[in-house]
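# Structural characterization, general
The primary structure of each chain is shown beneath.
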Amino acid sequence: MSYIPLEQHLPGITGLLEYRKDSAAPIRELTQVLLRGDSTLTEGERELIATIVSSRNECRFCTAAHTAAANVLLEETVTSDAVKKDIETAPVTEKMKALLHIAALVQQSGKAVTAEAITAAKEAGATDLEIHDTVLIAALFCLYNRYVDGLATMTPVDPAFYEGLGKRLKDHGYNRLPQGYDHLKTNDNSLKAV
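For the structure given in this document, a descriptive report is provided here. (Residues numbered from 1 in each chain as written. Predicted model: local features only at pLDDT ≥ 70, side-chain atom pairs only at ≥ 80, totals over all residues. Heavy atoms only, no water.)

### Topic: the overall build of the protein chain
Broken down by element type, the protein chain carries nine helices and zero strands. In the protein chain, the succession of helices and strands from N to C terminus is α-α-α-α-α-α-α-α-α. At 16 Å, the protein chain has a C-alpha radius of gyration in line with the 16 Å of a compact globule built from 194 residues. Along the three orthogonal principal directions, the C-alpha set of the protein chain runs to about 50 × 30 × 30 Å. Summing over all exposed atoms, the protein chain offers an accessible surface of approximately 9800 Å²; the carbon and sulfur share of this is 54%. In the protein chain, the 20 positive side-chain charges and the 26 negative ones have mean positions that sit 5 Å from each other. (Helix = DSSP H or I, 4+ residues; strand = E, 2+ residues; numbered from the N terminus. Rg over C-alpha atoms; globule rule 2.2 N^0.38 Å. Areas by Shrake-Rupley, 256 points an atom, 1.4 Å probe, with all protein chains shown as cover. Lys, Arg positive; Asp, Glu negative; His and termini not counted. Charge placed at Lys NZ, Arg CZ, Asp CG, Glu CD.)

Below, the structure is given as structure tokens:
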């Protein structure tokens, strides 16, 4: 049970964003720009950055949500699971491996990022903008992970919930749905939480 009263049909960060829509607006806007805006990194690659950070922060909701979004965008499930297990053996480009390493360093601490890690990313073909966005996405997801876990939001256990969420993130990005979220209310057990 969450530490503050949240809509039970809105687990994870969605319930928090609906709880305080004024602070949610800039959060949603920044996330939309970084994960769905113009970039030389694909949307799937940017979701992998969110996935690795959330996984290493042990945020179950965000890990499952962004793994699902990456899977939908990449149209397969192997890559996201491989990235979480071992970046070096994951089926991604050398540039993406270097960027994921930077994201993993940011997850530890901003000061953990080294000049060597940046040089390795540049040598693998990463642009300054890609490095910038990787660091910002990683830092942002550290915030989100702590926001979700710090208020003990509900974390569904049904994989079908996350599959639906991954499709919704692909189709609508991080914008608030125009009709809101009442249509997600359900009497079934798909939102049963841990």
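### Thoughts on helix α3 (residues 43–56)
If you check α3, its first and last C-alpha atoms are 20 Å apart, about what 14 residues at 1.5 Å a residue would give, namely 20 Å. Summarising burial for α3: 11 of the 14 residues are buried, a large majority. Buried within α3 are the following residues: G44, E45, R46, E47, L48, I49, A50, T51, I52, V53 and S54. Looking at the buried residues of α3, the elements they touch are α2 (21–36), α4 (60–74), α5 (78–85), α6 (94–108) and α8 (128–150). The first or second residue beyond α3 is E58, which carries a positive phi of 60°. (Expected span 1.5 Å × (residues − 1). Buried < 20%, exposed > 50% of the residue type's maximum accessible area, 1.4 Å probe, protein only. Contact = heavy atoms within 4.5 Å.)

### Some thoughts on the nonpolar core
Membership of the largest hydrophobic core comes to 52 residues, with the highest contact counts inside it found for F61 and L100. The element that contributes the greatest number of residues to this core is α6, accounting for nine residues. Dropping the residues within four chain positions of it, L100 is found in contact with L48, I49, I52, V83, I87 and V92. (Core = buried A, V, L, I, M, F, W, Y, C linked by side-chain atoms within 4.5 Å.)

### A word on the pattern of salt bridges
Scanning the model with the defined rule gives 10 salt bridges in all. The salt bridge involving D22 is made with R20; its shortest N-O contact spans 2.8 Å. Note on R20: relative accessible area 47%, which makes it partly exposed. Note that E94 and K97 form a salt bridge whose closest N and O atoms lie 3.4 Å from each other. Highlighted residues: E94 and K97, both in helix α6, separated by three residues, approximately one helical turn. (Salt bridge = Lys/Arg side-chain N within 4 Å of Asp/Glu carboxyl O.)

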